[in-house]
Structure formats: structure tokens, C-alpha cells
Amino acid sequence: MKLKFGVVSSDSHGQLHKDAFTRRMSQAKFGDRIPQLAETSDKANMSDPVDRVVERWRINGKFVEKRGVSNCAAYMNDPMRATFPQRWEEVPRGVYDPLERLTVLATDGIDGEVLFPNPPIQNATFFQGDAEFEEACVRAYNDAMYEEWYLVSKNFIPLALMPYLGGLDRTIAELKRVAKMGYKGILIVAEPAEVVGKTRGWSTSAQWGVDVENLEYKLPAFADRHWWPFWETCQDLEMPVHWHANAGLTFGTPVWKGYARPEAWVSAAPSSWSAMSQFMPNLVFGGLLDRFPRLKWVLAESGIGWFNYTLESIDHEWERRALWKHGIKTRPSEQLKAQVHLSSWFEAEGVRSVQIDKSHLMWQSDFPHNPSTYPRSRDVINHIFKGVPQDIREKVLYKNVLELYREDAVFEA
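Residues numbered from 1 in each chain as written. Predicted model: local features only at pLDDT ≥ 70, side-chain atom pairs only at ≥ 80, totals over all residues. Heavy atoms only, no water.

**Student:** Which residues make up the overall build of the protein, and what values do they have?
**Tutor:** The helix and strand inventory of the protein stands at 16 helices and 14 strands. In terms of C-alpha radius of gyration, the protein reaches 21 Å, essentially the compact-globule figure of 22 Å for 413 residues. With respect to the principal axes defined by its C-alpha atoms, the protein has extents near 60 × 55 × 50 Å. Across the 413 residues that make up the protein, the buried fraction comes to 60%. Taking the intrachain contacts of the protein between residues at least 6 apart in sequence as the baseline, contacts between residues at least 24 apart amount to 73%. For the protein, the exposed surface amounts to about 17,100 Å²; the carbon and sulfur share of it is 50%. For the protein, the distance from the average site of its 49 positive side-chain charges to the average site of its 54 negative ones is 2 Å. (Helix = DSSP H or I, 4+ residues; strand = E, 2+ residues; numbered from the N terminus. Rg over C-alpha atoms; globule rule 2.2 N^0.38 Å. Buried < 20%, exposed > 50% of the residue type's maximum accessible area, 1.4 Å probe, protein only. Contact = heavy atoms within 4.5 Å. Areas by Shrake-Rupley, 256 points an atom, 1.4 Å probe, with all protein chains shown as cover. Lys, Arg positive; Asp, Glu negative; His and termini not counted. Charge placed at Lys NZ, Arg CZ, Asp CG, Glu CD.)

Written out as C-alpha cells, the structure is:
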């Protein structure tokens, strides 16, 4: 990776071109089911209804993501960050064009990004329909991100999606395929048993993605030994496993219907960012960290302030119940500190006090989403790292990302 500023975002979002799926999926086999933009004037498909024809992503015959065609509120010249493009021509080029994106990043003092999905992809987007359709969508996404982003610039590190519905052999086959292509990590849901069989969603899910009730498919729980061959393959291939924000979990309090949309966002977002604090015990007490000690887990857009409490609480339960006698041989906090990597974008106190080796802590800009530090990333970074030693600052801002994803740094004058 070519560096000038010494800053790499560990969590940003890459927008695929509107034709990414139609160019890569069989029209003869899937027809209008293919993810694509379609016009609609139905206000039920708009989170902010307008009297005009808009475009929305349609997948398997269902409109998804009611806010707009792309999630790029930080780059829409709206100080309230509440504007979403309603048609493709309204999407700024820096959102979906990697070369233009590099120019935009340079104005913010950022060299590169680890790329998570953008619309139409949400945690449950491809779980509708059948296994063949899901796998075709996943493969098209992985091929598109590789061809449209990674091959254009190695300053982008996209993460691959995994198919679930076709059985574990198909999941592992896609994992091996993307590893061979050059992918350095994968993105999964936290609890497949909950998300696929029946997605309850939280009260804002109609705005954020798609609700799915596909009872034809049921998947085993995250900690079930069914998944062990998958975790083992991830470990052997050195493919870190990523969870993003709430990772499809349904924790969180209901959102009061009297809120205006910006207020609803602020009331819901923190519970999403800290959802993983409630799921971490599953990672520990399911025995996966003991069983797969070289497998790395990355929590993106989930903050870090909750981590210390989680460490202390699970250690407390481990000691109190003598769980080393029941298969959990290593102290939980030691396991988490060794295998989990955290990411944050605004928590100055968190960077100073989080009880994890700073080689496992990364900074993110979340561009181009609403909470992004853009276009003030330099100011945010200077605030967060005020008084932090230079070696720690460099680790968190770029060195840890490069080490985790096995990337070489080349500084340019």
C-alpha cells in the first residue's frame, strides 16, 4: 500500500456501480431477480416521501434500502448529514469510483481503506430467495469488489461476503475461492441461526435494509460444531473474520415513533455500535477461541468503550463458576486480548484506557456514512491522540491495519 499521510481507515464503505450485478449474473437464469436499480413513485419505498419518481435497489422482486440508492450522507454537502441520493446520477463519483475516491481521501489526509459493503448490501439482503440465487449474488459482489476496487488500487482492502444457504461445503468453497483471488478477510453475520430463519430486525430495519422471513432455510447457531470446518479453514487461510456494527443481531431498545428521523438515528445508533458487547460471551464460552487460537476476529464500527466491562464481567463468571473445569481452559480476557481486534473513530478516552494491546486497535473514518469523520479526520485524529505516544499513534492509525491484512507499506515523498 502506498502511504503519504500514515492513516488507513479500518472501516469504510465501497459502493459498487449500479450495473455491477446485472453485468455478472445470468439474465437467462435470474432475470429481474438480479440486484438492480428500478424506478418507483410508491411512497412506501421512501423513508422521506417525495412527489417524484425515484430509484431504489430491487432484489428478488423486493425494494430494499428506503433511504436512497447509496449511503453516502457524509459526502452530500448537507451539514445535517440526512441527505441520501434518490437517483444514481445524484451519487457523487467519489463514492463509487476508486480513483476519484483516492483524491477525496487525500483531501482528508487518508491513504487507504478497508472496505465494507454499501447499499444494496445489508446483513440480510441476500437471504431472500433460494440458495442458488444467494450464492450467485455473493459471487457477483465478491468479483465486482475485486475487479472494480482492489485491482484498480491496492490502497483498498475489500472484504468478501460468504454464502450460507447452500450448505457448509459451498460456504467453504467460496472462502477458498476469494482467498485465492487475493482477499484478506471476510464479513459475516454474528448469529446465522437468528438472521436466516427469521429476521426480527429492530424497529428501524425498514429504513436500513430488508426484513427477511425465509423459513425454508434454518442454520445452526454460531457456536455449533457444524461451523468448525469453516473456522478451521479461515484459520488455515489466515482470513480474519469480521463483524460490522450490530452484525445482524437484534439487540437494542425499541425506537419511539415520535422521533424525527435524525433523532431516531441518534437514539438507535449507539445500541448498534455496542451490540457486540452482548455477543462476546458466545465467542468465549462457545469454546471457539480455545479451539482456533490463530483465528483473528475483527469488530468494526462497534466502538471500544464497552470492551473493558466485557473483559471484567466474563472473567468474573469464569472464576466464579470454575469454567476451566468445563472446557474453557484459558482466562477469557486473555483469549479476547490475543485474538480480537477493535476499531473506533471518535473515542479519545477509549484509545487511552481500553484494556487491549494497542497492536489490536485500529482507527476508522466510516466514509462515506453519516457518522464519518470526513472532512475533519485530521482534527478528530489530533483530538483522539493528544498526549498519546507517537509509536502508539502510528500503530493505531496504519501499522496495525497493514499487519493484520499482510500489506507492505511504501511511503511516498
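Back to the text.
**Student:** Quick one: what's the story with the confidence of the model for the protein, residue by residue and with numbers?
**Tutor:** When pLDDT is averaged along the protein, the result is 91; 92% of the residues meet or exceed 70. A low-confidence stretch, residues 198-209 stays under pLDDT 50, and its non-local contacts, those more than four residues away or across chains, total 36 contacts. (pLDDT = per-residue confidence, 0-100.)

**Student:** Can you lay out the environment of Pro254 for me, pointing to particular residues and giving the numbers?
**Tutor:** When you line up the elements, Pro254 lands in the loop between β10 (241-244) and α9 (261-273). Taking the relative accessible area as the measure of exposure, Pro254 reaches 74% and is therefore exposed. Each C-alpha atom, one on Pro254 and one on Gln122, is 20 Å from the other, the two residues being 132 residues apart in sequence.

**Student:** Report on helix α4 (residues 131-150), specifying residues and quantitative values.
**Tutor:** Helix length check: α4, at 20 residues, gives a terminal C-alpha distance of 27 Å against a target of 28 Å (1.5 Å per residue), a fit within 8%. With 17 of its 20 residues buried, α4 lies for the most part within the structure. The backbone nitrogen of Glu132 lies 3.1 Å from a side-chain oxygen of the residue at the head of α4, namely Asp130. (Expected span 1.5 Å × (residues − 1). Polar contact = N/O pair within 3.5 Å; in protein donor to acceptor, adjacent residues only side chain to side chain.)

**Student:** Account for the packing of α4 against helix α5 (residues 168-181), with residues named and values stated.
**Tutor:** For the pair α4 and α5, interaxial distance at closest approach is 11 Å and the crossing angle is 10°. The orientation of α4 relative to α5 falls into the category roughly parallel. Across the interface between the two elements, Glu135, Val138, Arg139, Asn142, Asp143 and Tyr146 from α4 touch Arg170, Glu174, Arg177, Val178 and Met181 from α5. Residue composition of the contact of α4 with α5, by class: four nonpolar, one polar and six charged. (Axes fitted to C-alpha atoms, helices over the stretch in contact; angles between N-to-C directions. Parallel < 35°, antiparallel > 145°, perpendicular 65-115°, else oblique. Nonpolar A, V, L, I, M, F, W, Y, C, P; charged D, E, K, R; others polar.)

**Student:** Could you give me a rundown of the side chain of Thr171, with the residues and numbers involved?
**Tutor:** Structurally, the position occupied by Thr171 is in helix α5. A relative accessible area of 2% places Thr171 in the buried class. Apart from residues no more than four positions distant in its own chain, Thr171 is found in contact with Met162, Pro163, Tyr164 and Phe230.

**Student:** Tell me about the environment of Arg378, and name the residues and values.
**Tutor:** Examined against the element boundaries, Arg378 turns out to sit in helix α15 (residues 377-384). Along the sequence, Arg378 and Ser353 sit 25 residues apart, while their C-alpha atoms lie 21 Å from each other. Beyond its immediate chain neighbours, meaning those up to four positions away, Arg378 contacts Phe5, Ala106, Thr107, Asp108 and Gly109.

**Student:** Could you give an account of the sheet that holds strand β7 (residues 156-158), with specific residues and numbers?
**Tutor:** Spatially, three strands are ordered β2-β6-β7 in an open sheet, and the strand pairing comes out parallel. Here the strands that pair on one side only, and so sit at the sheet edges, are β2 (8-13) and β7. Pairwise comparison of adjacent strand axes, ignoring direction, gives a mean angle of 25° for this sheet. Relative to strand β6 (residues 112-116), β2 runs parallel, the two sharing four bridges. Within the sheet, the bridge partner assigned to His13 lies in β6 and is Phe116. (Pairing = 2+ DSSP bridges.)

**Student:** Can you tell me about the pattern of salt bridges, naming the residues and giving the values?
**Tutor:** With the rule as written, the count across this model stands at 26 salt bridges. Here Arg52 makes a salt bridge to Glu90, at a shortest N to O gap of 3.4 Å. Placement of Arg52 in the loop between β3 (36-40) and β4 (54-59) and of Glu90 in the loop between β5 (62-64) and α2 (93-96) is noted, with a sequence separation of 38 residues between them. With a shortest N-O distance of 3.2 Å, Lys399 and Glu394 are connected by a salt bridge. Within this structure, Arg23, Arg24, Glu147 and Glu148 form a network of salt bridges that share partners. (Salt bridge = Lys/Arg side-chain N within 4 Å of Asp/Glu carboxyl O.)

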